[in-house]
Amino acid sequence: ENLITGRVAGVSVTGGGAPGAKANIRIRGGSSLNASNEPLIVLDGLPLSNAVPDGSTSILSTIDPNDIETFTILKDASASAIYGSRAANGVIVITTKKGAKGGLKVVFNSQAGISTIAKKIDVLSADEFRSLVNQYGNSAQKAKLGKANTNWQNEIFNDVITTDNNLSVSGSLFNKLPARVSVGNTTTPGILQNTKFERTTTSLSLNPTFLDNHLKIDLNGNLSFGKNQFQDEGNVIGSAIGFDPTQSVYQTGSRYDGYFEWLEANGDVNLLAAKNPVARVNQNNRRSTSTRKWGNARIDYKMHFLEELKAVAELGIDKFDSE
């Protein structure tokens, strides 16, 4: 999704900040109020379903960008002519790298980066908040002020290191069979604590030709494993912005794992009050794992007696599971 952003006229890509979050891709804008506005994605000739199981991030997040050779965006009516009604919102055609005849070629790509929060919401400090409550609050409100100086945004955000590694081997097997195998791993922790996206991919491509290049066979197989740790980002960040900065993260004697919480008179958590944002990110265990298997076999035969006439047969599979 990042490879497309800002590079193609008429294509808008907007997404969330969570690790591996799905981006909304709009080609020529949205055209429907109720139906899907997602473009059709065709990978090596295999049309992919836009359905994403619960707990997974997005379709494209299961593909290693290091394996992509080219991508083409079809925006006009010719797309619908080829792919039918599924192409009403445009088509993204992705071609992956293939093996080539020749000697053995080994490529290793490694990237590392640092993710930081660009800007924090400007809120009152603890001293400013105390001054405001002491000036305008009643006695009951003043009595609830704490003695701590807590920056709740600092408590839930942190700087993280992201890594992306890919190893590919390509060449000809037995000097006749072009092949390519690739293994990749991406680890993307989120700047919000206890969020993380990790993907491991393997791909295999075989591209033999026979009968003086009249018969071409393309075999592609891909396997992708994903791990996702996520939070209810909106509520957690909202709590950090609005929570009382005069309260500390922890409270001695708290029966809620030691975290400070606003309580009712009977000791139960006040359901109407904001919840401790640090407790939210540490006490919520939201995880998912996903497995995606996809691949296709394509046979392209040019007739010997009339090379302008071709017979093409294709078979594909796309299976996406998650827990």
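One can find the structure itself at the top, above this paragraph.
A brief structural summary. (Residues numbered from 1 in each chain as written. Predicted model: local features only at pLDDT ≥ 70, side-chain atom pairs only at ≥ 80, totals over all residues. Heavy atoms only, no water.)

## Section: the nonpolar core
- In terms of nonpolar packing, the biggest core is built from 18 residues, with Val 11, Ile 41, Ile 63, Ile 92 and Ile 94 touching the most fellow members.
- Elements with a contribution of two residues or more to this core: β1 (11–15), β2 (23–27), β3 (40–43), β4 (46–48), β5 (68–74) and β6 (91–96).
- Looking at which element gives the most residues to this core, the answer is β2, with 3 residues.
- Non-local contacts of Val 11, meaning those with residues more than four positions away in its chain, are made with Ile 4, Ile 25, Arg 26, Ile 27, Ile 73 and Lys 75.
- Counting residues in hydrophobic clusters, the runner-up holds 13 residues, among them Phe 157, Ala 240, Tyr 259 and Ala 279. (Core = buried A, V, L, I, M, F, W, Y, C linked by side-chain atoms within 4.5 Å. Buried < 20%, exposed > 50% of the residue type's maximum accessible area, 1.4 Å probe, protein only. Helix = DSSP H or I, 4+ residues; strand = E, 2+ residues; numbered from the N terminus. Contact = heavy atoms within 4.5 Å.)

## Regarding a nonpolar patch on the surface
- A contiguous nonpolar surface patch, about 440 Å² in accessible area, is contributed by Leu 104, Val 106, Phe 108 and Leu 167.
- Its place among the elements puts Val 106 in strand β7 (residues 105–115).
- The exposed category is assigned to Val 106, whose relative accessible area is 52%. (Patch = residues over 30% accessible without salt bridge, like charges linked within 9 Å, V, L, I, M, F, W, Y side chains within 5 Å. Areas by Shrake-Rupley, 256 points an atom, 1.4 Å probe, with all protein chains shown as cover. Salt bridge = Lys/Arg side-chain N within 4 Å of Asp/Glu carboxyl O.)

## Observations concerning the environment of Gly 258
- For Gly 258, the location among the structural elements is in the loop between α5 (233–242) and α6 (277–283).
- Between the alpha carbons of Gly 258 and Ala 88 there is a distance of 54 Å; along the sequence they are 170 residues apart.
- Leave out the neighbours within four places in its chain, and Gly 258 touches Val 249, Tyr 250 and Gln 251.

## Points about the sheet that holds β5
- What the 4 strands build is an open sheet, ordered β4-β3-β6-β5; its pairing is mixed. The strands lining the two open edges of the sheet, one partner per strand, are β4 and β5. Strand-to-strand twist of the sheet, defined as the mean angle between neighbouring strand axes without regard to direction, takes the value 25°. (Pairing = 2+ DSSP bridges. Axes fitted to C-alpha atoms, helices over the stretch in contact; angles between N-to-C directions.)

## With respect to the pattern of salt bridges
- For the coordinates displayed, the defined rule picks out 9 salt bridges.
- Between Asp 127 and Arg 130 there is a salt bridge, and its shortest N-O distance comes to 2.9 Å. With Asp 127 and Arg 130 both in helix α2 (residues 126–136), this residue pair falls 3 residues apart, about one helical turn.
- Judged by relative accessible area, which is 52%, Asp 127 ranks as exposed.

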